[in-house]
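Examination of the molecular architecture
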2 protein chains.
Amino acid sequence: MSSLLEQLIEAFRVLPGVGQKTAQRMAYHVLERERDGGRRLASALSEAVERVGHCTRCRDFSETEVCATCASAARDAHQLCAVESPADRLAIEQATGYRGLYFVLQGRLSPLDGIGPREIGLDRLAERLQEGEVQELIIATNPTVEGEATAHYLAQLARQHGVKPSRLAHGVPLGGELEYVDRGTLSHAFGSRSEMA
Amino acid sequence: MSSLLEQLIEAFRVLPGVGQKTAQRMAYHVLERERDGGRRLASALSEAVERVGHCTRCRDFSETEVCATCASAARDAHQLCAVESPADRLAIEQATGYRGLYFVLQGRLSPLDGIGPREIGLDRLAERLQEGEVQELIIATNPTVEGEATAHYLAQLARQHGVKPSRLAHGVPLGGELEYVDRGTLSHAFGSRSEMA
């Protein structure tokens, strides 16, 4: 059996971008200088992994049935912004002054991988649009091939329910991922979104 | 109170080289795709933080009173290699074919910071040298000002106990280009050139 230290190094490798060398540095750093921080991280991790689920309204991560954003009376329920992932949602929330609501697809249409409309919650989105409160669906999927296909599908869905679809302005570099775009660019693109033809 | 997700992001920042953005990516990655890995990491962390202490022989991290290396009959007890940190010990262990034992200082002499011989375990190292089994003390402290000062102190200590001190060779790194080597290193390498066979 491997030692606790070896197990810890191995366990760190589950994190994105962390290889053997970085995992070693992390393990030694925690043991040498940050035991309290390590304890906090361990408990935050196990709490979050067990208790963070998805908001029933927007499918974003949430520890409550309806997330704080969806439950907030201060947000504008006439605008709904569809994003692929919670990270994209956070990027928009941090970069722009958007005060509407979100819908997190948790993916994008990808028929070859068996990811169809139901897998990304479009049945629930359709119900949401049917409710009549949403006036604009801001489509903020990634500017990739699959993201664009998803955007077109979403625009169609919006029109079917009499909702105006809009898309983030070009200015977001093609082939890039929203999560990594700098704030200025993202904010600009968000501000000059245009109605989809 | 902040959400579990925010707490998790904050907790990740305890790791070396992890800022806000990377911490977000780690948290989302674990929640989206690696909940099992997250559970393993949480338990490995809390186990290690509580149970990993220091070997009473070499001061390296160990969950047992004497670490596996010190307890091994296959290691050569005539050679002892002094390093500043467990990470340095691991680097040497992984890069070289060294089969002797180690002594981990867990620091370096730094009188201005109140780190004297006792703080880096030199009383215990002296007892170890006194035992008479060690014939060579390989001094592998870092080539910094404080590391060099520590090396000189260690060499003196070794001689007092009739043990031969040795120091890692300094010079131009293999595969490096002379043009890019720093002046101190180049000057040292030039000064301690050796005759070619």
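Note that the coordinates shown come from a computational prediction; the quantities given were computed from them, not determined experimentally. (Residues numbered from 1 in each chain as written. Chains lettered and ligands numbered in written order. Predicted model: local features only at pLDDT ≥ 70, side-chain atom pairs only at ≥ 80, totals over all residues. Heavy atoms only, no water.)

1. Topic: the overall build of chain A
Check the secondary structure of chain A and you find eight helices and seven strands. Each principal axis of the C-alpha distribution contributes one length, and for chain A these read about 60 × 35 × 35 Å. When burial is assessed residue by residue, chain A has 52% of its 197 residues classed as buried. Once local pairs closer than 6 in sequence are excluded, the contacts in chain A between residues at least 24 apart make up 57%. Counting every atom, chain A has about 9200 Å² of accessible surface; 49% of that belongs to carbon and sulfur. Across chain A, the centroid of the 22 positively charged side chains sits 4 Å from that of the 27 negatively charged ones. (Helix = DSSP H or I, 4+ residues; strand = E, 2+ residues; numbered from the N terminus. Buried < 20%, exposed > 50% of the residue type's maximum accessible area, 1.4 Å probe, protein only. Contact = heavy atoms within 4.5 Å. Areas by Shrake-Rupley, 256 points an atom, 1.4 Å probe, with all protein chains shown as cover. Lys, Arg positive; Asp, Glu negative; His and termini not counted. Charge placed at Lys NZ, Arg CZ, Asp CG, Glu CD.)

2. Notes on the interface of chain A and chain B
The interface is formed by 46 residues belonging to chain A together with 45 residues belonging to chain B. Between chain A and chain B lies a buried interface of about 4500 Å² when both sides are counted; carbon and sulfur atoms form 71% of it. At the boundary of chain A and chain B, one finds two salt bridges. With a shortest N-O distance of 2.6 Å, B:Arg39 and A:Glu50 are connected by a salt bridge. Joining chain A to chain B, the criterion identifies twelve residue pairs in polar contact (both at pLDDT 80 or more). Considering every element that reaches the side of chain A that touches chain B, the biggest residue donor is helix H3 (residues 35-51) of chain A, with 15 residues. (Buried area = accessible area lost by both parts, 1.4 Å probe. Salt bridge = Lys/Arg side-chain N within 4 Å of Asp/Glu carboxyl O. Polar contact = N/O pair within 3.5 Å; in protein donor to acceptor, adjacent residues only side chain to side chain.)

3. Focus on the sheet that holds strand E6 (residues 164-167) of chain B
Residues and elements named next belong to chain B. The strand order E4-E3-E5-E6 describes an open sheet built from four strands, whose pairing is parallel. Either end of the sheet is taken by a strand with one partner, and the two such strands are strand E4 (100-104) and E6. Taking each pair of neighbouring strands and ignoring which way they run, the sheet shows an average axis angle of 25°. Here strand E5 (residues 136-139) runs beside E6; their pairing, made up of four bridges, is parallel. (Pairing = 2+ DSSP bridges. Axes fitted to C-alpha atoms, helices over the stretch in contact; angles between N-to-C directions.)

4. A few points about a nonpolar patch on the surface
All names here are of chain B. On the surface, Val172, Leu178 and Leu186 cluster together into a nonpolar patch covering about 230 Å² of accessible area. The residue Leu178 is located in the loop between E6 and helix H8 (183-191) in this model. Given the relative accessible area of 54%, Leu178 is considered exposed. (Patch = residues over 30% accessible without salt bridge, like charges linked within 9 Å, V, L, I, M, F, W, Y side chains within 5 Å.)

5. A few points about the environment of B:Leu8
Secondary-structure assignment places B:Leu8 in helix H1 (residues 4-12). Each C-alpha atom, one on B:Leu8 and one on B:Glu179, is 45 Å from the other, the two residues being 171 residues apart in sequence. Discounting chain neighbours no more than four positions away, the residues touching B:Leu8 are A:Leu41, A:Ala44, A:Leu45, A:Ala48 and B:Ala27.

6. Details of the domain arrangement of chain A
Taken domain by domain, chain A comprises domain 1 (4-51) and domain 2 (61-195). The straight-line distance from the C-alpha centre of domain 1 of chain A to that of domain 2 of chain A is 33 Å. (Domains from an automatic or database assignment.)

7. Observations concerning unusual backbone geometry
Residues and elements named next belong to chain A. A positive phi angle, near 65°, is found at Arg59, a position not held by glycine. Residue placement: Arg59 occurs in the loop between strand E1 (53-54) and strand E2 (61-62). Judged by relative accessible area, which is 12%, Arg59 ranks as buried. Positive phi, normally seen in glycine, also occurs at Gln106, with a value near 55°. In this structure, Gln106 sits in the loop between strand E4 (100-104) and helix H6 (122-130).

8. Focus: the packing of aromatic side chains
Applying the stated rule across the entire model yields five aromatic pairs over all chains. On the numbers, 5.8 Å between centres and 15° between planes, the contact of A:Phe61 with B:Tyr28 is stacked. Here A:Phe61, found in strand E2, pairs with B:Tyr28, found in helix H2 (residues 20-33), and the two come from separate chains. For the pair A:Phe61 and B:Tyr28, a shared accessibility class is recorded, and that class is buried. A ring pair is formed by A:Tyr98 and A:Tyr102, whose centres lie 5.2 Å apart and whose planes are at 75°; its orientation type is edge-to-face. Residues A:Tyr98 and A:Tyr102 agree in their burial class; the two are buried. An aromatic cluster is present here, built from A:Tyr98, A:Tyr102 and A:Phe190 joined pairwise through their rings. Seen from the ring of A:Tyr102, A:Arg89 lies directly overhead, with NZ or CZ sitting 4.7 Å from the centre. (Phe/Tyr/Trp six-rings, centres within 6.5 Å; stacked < 30°, edge-to-face > 60°. Lys NZ or Arg CZ within 6 Å of the ring centre and 35° of its normal.)

9. Some words on the pattern of salt bridges
Close approach of charged atoms allows side chains of opposite charge to pair. All names here are of chain A. Following the criterion strictly, the structure yields 20 salt bridges over all chains and no others. For the salt bridge of Arg57 with Glu131, the shortest nitrogen-to-oxygen distance reads 3.4 Å. In this pair, Arg57 sits in the loop between E1 and E2 while Glu131 sits in the loop between H6 and strand E5 (136-140), placing the two residues 74 residues apart along the sequence. Using a relative accessible area of 30% as the deciding quantity, one classes Arg57 as partly exposed. With a closest N to O distance of 3.3 Å, Glu84 and Arg108 form a salt bridge. Here Glu84, found in the loop between strand E3 (76-83) and helix H5 (86-95), pairs with Arg108, found in the loop between E4 and H6; they are 24 residues apart in sequence, far enough to count as distant. A relative accessible area of 3% places Glu84 in the buried class.

10. Focus: the side chain of A:Glu84
Separated by 3.3 Å, the side chains of A:Glu84 and A:Arg108 make a polar contact. A:Glu84 has contacts with A:Val104, A:Leu105, A:Gln106, A:Gly107, A:Arg108, A:Thr141, A:Asn142 and A:Gly147, leaving out every residue within four places of it along the chain.

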